[in-house]
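A look at the structure
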Amino acid sequence: MEDRSNEKRTRQPGRSGAPRRAPRTKTEQGKAPRTGGGQSQTPAPQGSAFPDKQQNRRPPAARRTQQNRRPAPAPAAVQPAAEQTVPAPRPRTQRRHPGLVFDANVPAIPMHICPLGGLGEVGKNITLYECQGDMILVDCGLVFPDSEMFGVDLVIPDFTYVLENKDRIKGLFITHGHEDHIGSLPYLLKKFNVPIYTAKLTIGLIKNKLEEHGLASTAIFHEIRPRQKVKLGCFTVEPIHVNHSIPDALAFAIECPAGIVIHTGDFKIDYTPLSGDAVTDLPTIAEYGRKGVLALLADSTNAERPGFTATEQTVAEGVRGLFARAKNKRIIVATFASNIYRIQQIIDLAMEYGRKVAVNGRSMVSNTEMARELGYIRAPDNVLIDIEEINKYPPEKIVLITTGSQGEPLSALSRMAQASHRNVKVGPTDFVIISARPIPGNEKTVTKVVNGLLALGAEVIYESMYDTHVSGHACQEEQKLMLTLAHPQYFLPVHGEFKQLKRHAETAEHLGYLPKQNIYIAENGQNIRISRDGMALEGTVPAGAVMVDGYGVGDVGNVVLRDRHHLSEDGIIIVTAAVDGRTGQILSGPELVSRGFVYVRESEELMEGARVQVEMALDRSLSENLHDWTSVKSRVREALSSYIYRKTKRSPMILPILMEV
């Protein structure tokens, strides 16, 4: 048998030589002619294969007119057949983003994001998430006071909204153990003992902090690990490992009925991390990106820096070179007490160069001991020595790890710079390495410490002189990678001053796939409603700065700070006088006491004139038979303030004290 399957069959041409059109079905024959369909309605060109039909064919407009004027509907016998050819309508879907497919007939479930701190500032990070009545918190940090906050020790978030909703808050998740993420926990736990979910090292750092406040035994901790999901209420939270300048740093994928939110915490992407630490878990972030991420909240600290953040390996090589350069000198290294990576680096180099290691500073000692117990720091017992023993060894055999890299006035390094440290006397045989960059606002205090150490004869390596520090935060290229992998529908930059948040938002917009209206620079206290159908601001909640001064929490407010600022600028004059309560006669005084205004012994003429002004004001009040002592004090204050300003162009605080006898 011949195989003719590959032979071309001869096609029977029509009159034009084109293939014959298949005969129309009965349904097609019964239909009215359609307009605007796939077939062109323009007349055939000259030379058409159908000249007779072309001449008899009505113009398209005429056909449409006749069709529109047709009074009767299609025959009843034809309609059922026509209905059978129409497919059933499909449910409408909306595709917001690859991986996000929603049924438009189902109402979108919203969630609320309330940043209570960390926006427009570096520090004080705390964010509240709410969905279907359930709430969770992420981080609980503090910020250190600026130069205008006289006498203030710490600044913590306002917990008013948290305490108002404490019955709905299921737990608190902590990204890592830096002060700007855990520092205000003692002040929250005193009012609300919320369960804490975080990694092993972070729990150890928090416990050290809570010991000082007597809260370590009552706090509720739940240790979590990367990829270990935690379900609280309607939330399912998955920790994701990220690189930072401290071990056990986590991002969180927060899943709820509204969708998935990724909260990165502080992160960078270090492909050669130290201590066998894994690289930031990009595959998991990409996996969530494929599922569909509703919103991304990402670290903005280095949003102004192009490129990639340097690896920690850079510091290892830089510090190794400095150890070789120190030769016969004692090495003093100042770094953050929580920088476990850096402490391990220094211990390893000390062992390599045959040196003993001493640790100084209360937080440095407690953190090092805790990290050794948990296995995050490896140091043989014969390498670590007590601070009291450092003078038993020659300088070339000692490495001292201490606090004070930010020039804190009471830190160990500051006391060394002032020659007031009990155990360490700095001199020409010392080689000091400040392995940290100054936090914005701390430049002056760091410079003061450096100047003090240099004046004592020490050699000081600080700031960017050598590779002694790298950032733990992502630069622009790493931020782009995070945005691209997560591929969120909405983006909220967090953790940074406004200029950093703004630059991060611009980076996201330049990627091209996020519309500008889906990128929002939020403010502390804003209640942001977010769902697949849109993002909107629904009012504000209480969120501000609560100042801690000694044991006082919140008792120092703007009025007190204003008075302290006034006192710091112009000083105070206290006016005292004893007045007869019945007659208003001055029985003794007035006496003037100056503090921070002028030195009285060198300004006797000015002070005498001021006393005369007070007497005149009191006499005028007496002549008018004025016994309202508040009004009398106001007259004294006004008269004295006017006189002093005319004479000195200063405005000291004036405090009249009238004792009625």
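Use the structure listed above.
Anyway, here's the lowdown on the structure attached to this text. Sequence order sets the numbering: in each chain, residues are counted from 1 along the sequence as written. Per-residue local features are limited, in this predicted model, to residues with pLDDT of at least 70; the limit for side-chain atom pairs, both in listing and counting, is 80 or more; totals at the level of whole chains, interfaces and linings are taken over all residues. Remark: hydrogens and water are excluded; side-chain values derive from all non-hydrogen atoms of the structure.

Observations concerning the side chain of T284
Segments assigned H or I by DSSP are reported as helices when at least four residues long, segments assigned E as strands when at least two residues long, and all are numbered from the N terminus. Here T284 is to be found in helix α9 (residues 282-291). A distance of 2.9 Å separates polar atoms of two side chains, one belonging to T284 and the other to R227. In protein, a polar contact requires one atom able to donate a hydrogen and another able to accept it; more generally it is a pair of N or O atoms within 3.5 Å, and residues adjacent in sequence count only if both atoms are side-chain atoms. Side-chain polar atoms of T284 contact the side chain of D281, separated by 2.7 Å. Only heavy atoms matter for contacts: two residues are in contact if any of them lie within 4.5 Å across the pair. Every residue in contact with T284, bar those within four places of it in the chain, is listed here: R227, E238 and I240.

Observations concerning the environment of I182
Mapped onto the secondary structure, I182 falls in helix α6 (residues 179-182). Type-normalised accessible area, obtained with a 1.4 Å probe on protein chains alone, sets the label of each residue: buried when under 20%, exposed when over 50%, and partly exposed for intermediate values. Under the relative-accessibility criterion, I182 is labelled buried at 2%. Taking C-alpha positions, I182 is 8.7 Å from T202, a pair spaced 20 residues apart along the chain. What I182 contacts, discounting residues up to four positions off in sequence, is C140, G141, I174, H176, G177, T202, L205, I206 and K209.

Some points on unusual backbone geometry
Residue A419 is not a glycine yet carries a positive backbone phi of 60°. Phi angles above zero are rare outside glycine, and H495 is one such case at about 60°. With respect to the element layout, H495 can be found in the loop between β21 (488-494) and α16 (498-510). With relative accessibility at 4%, the residue H495 sits in the buried group.

Concerning the nonpolar core
Grouped burial of nonpolar side chains is what soluble globular proteins tend to show. To qualify as a nonpolar core, a set must consist of buried Ala, Val, Leu, Ile, Met, Phe, Trp, Tyr and Cys residues joined through side-chain atoms within 4.5 Å. In terms of nonpolar packing, the biggest core is built from 66 residues, with L172, L185 and L188 touching the most fellow members. With six residues, the top contributor of residues to this core is helix α11 (residues 340-352). When sequence neighbours within four positions are dropped, the list of residues in contact with L185 reads C140, L172, I174, I196 and I206. With 57 residues, the next largest nonpolar core counts L232, C256, A298 and V494 among its residues.

As for the pairing of strand β12 (residues 250-256)
Of all seven residues making up β12, six are buried, and the element is well covered by its neighbours. Criterion used throughout: strands pair if DSSP finds at least two bridges between them. In the sheet, strand β11 (residues 235-241) pairs with β12 via six bridges, with the strands oriented antiparallel. Bridging across to β12, T236 finds its partner in E255. One ladder, built from five bridges, connects β12 with strand β13 (residues 259-263); its direction is antiparallel.

Notes on the sheet that holds β12
Taken in spatial order, the six strands of this open sheet run β10-β11-β12-β13-β14-β21, and their pairing is mixed. What marks the edges here is a single partner per strand, and that holds for β10 (230-232) and β21. This sheet shows a mean twist of 20° between the axes of neighbouring strands, independent of strand direction. Strands in contact with α9 are β11, β12, β13 and β14 (293-299); relative to β11, the strand with the most contacts, it is inclined by about 140°. Across the sheet, helix α15 (residues 476-486) is in contact with β13, β14 and β21; its angle to β14 comes to roughly 165°. Working convention: axes come from line fits to C-alpha atoms, limited for helices to the stretch in contact. Angles between N-to-C directions cover 0 to 180 degrees.

Details of the pattern of salt bridges
What makes a salt bridge here is a side-chain nitrogen of Lys or Arg within 4 Å of a carboxyl oxygen of Asp or Glu, nothing more. Under the criterion given, the structure shown has 23 salt bridges. With its nearest N and O atoms 2.3 Å apart, the salt bridge here joins R227 to E238. Residue R227 is located in the loop between β9 (221-223) and β10, and its partner E238 is located in strand β11; the two are separated by eleven residues in the primary sequence. Look at E238 and you get buried, because its relative accessible area is 3%. D270 is paired through a salt bridge with K268; the nearest N and O atoms lie 4.0 Å apart. In this pair, the class of D270 matches that of K268, namely buried.

So, the environment of S641
Relative to the assigned elements, S641 resides in helix α19 (residues 629-648). Considering only alpha carbons, one finds S641 and M653, twelve residues apart in sequence, at a separation of 8.5 Å.

Quick word on the packing of α9 against α15
Interhelical geometry of α9 versus α15 gives an angle of 45° and a closest axis separation of 7 Å. Taken together, the axes of α9 and α15 are oblique relative to one another. Contact with α9, carried on its side by L282, I285, A286 and G289, involves L481, M482, L485 and A486 of α15 and no other residues of that element. Polar here means any residue other than Ala, Val, Leu, Ile, Met, Phe, Trp, Tyr, Cys and Pro, which are nonpolar, and Asp, Glu, Lys and Arg, which are charged; Gly is therefore polar. Its residues assigned to classes, the contact of α9 with α15 comprises seven nonpolar, one polar and no charged. Oblique is the label for any angle not covered by the other classes, which are roughly parallel (under 35 degrees), roughly antiparallel (over 145) and roughly perpendicular (65 to 115).

Quick notes on helix α14 (residues 443-455)
Its 13 residues place the ends of α14 18 Å apart at the C-alpha level, agreeing with the 18 Å of an ideal helix rising 1.5 Å per residue. Among the residues of α14, those classed as buried are V446, V449, V450, G452 and L453. Around the axis of α14, the buried residues are gathered within 160° of arc, so they sit on the same side. In α14, the exposed residues that point more than 90 degrees away from the buried face are K444, K448 and A455. Contacts from the buried residues of α14 go to α13 (412-417), β19 (430-434) and β20 (459-461). Given the number of residues in a helix, its expected span is that number minus one, multiplied by 1.5 Å. Arc definition: it is the arc formed by the directions from the helix axis to the C-beta atoms.

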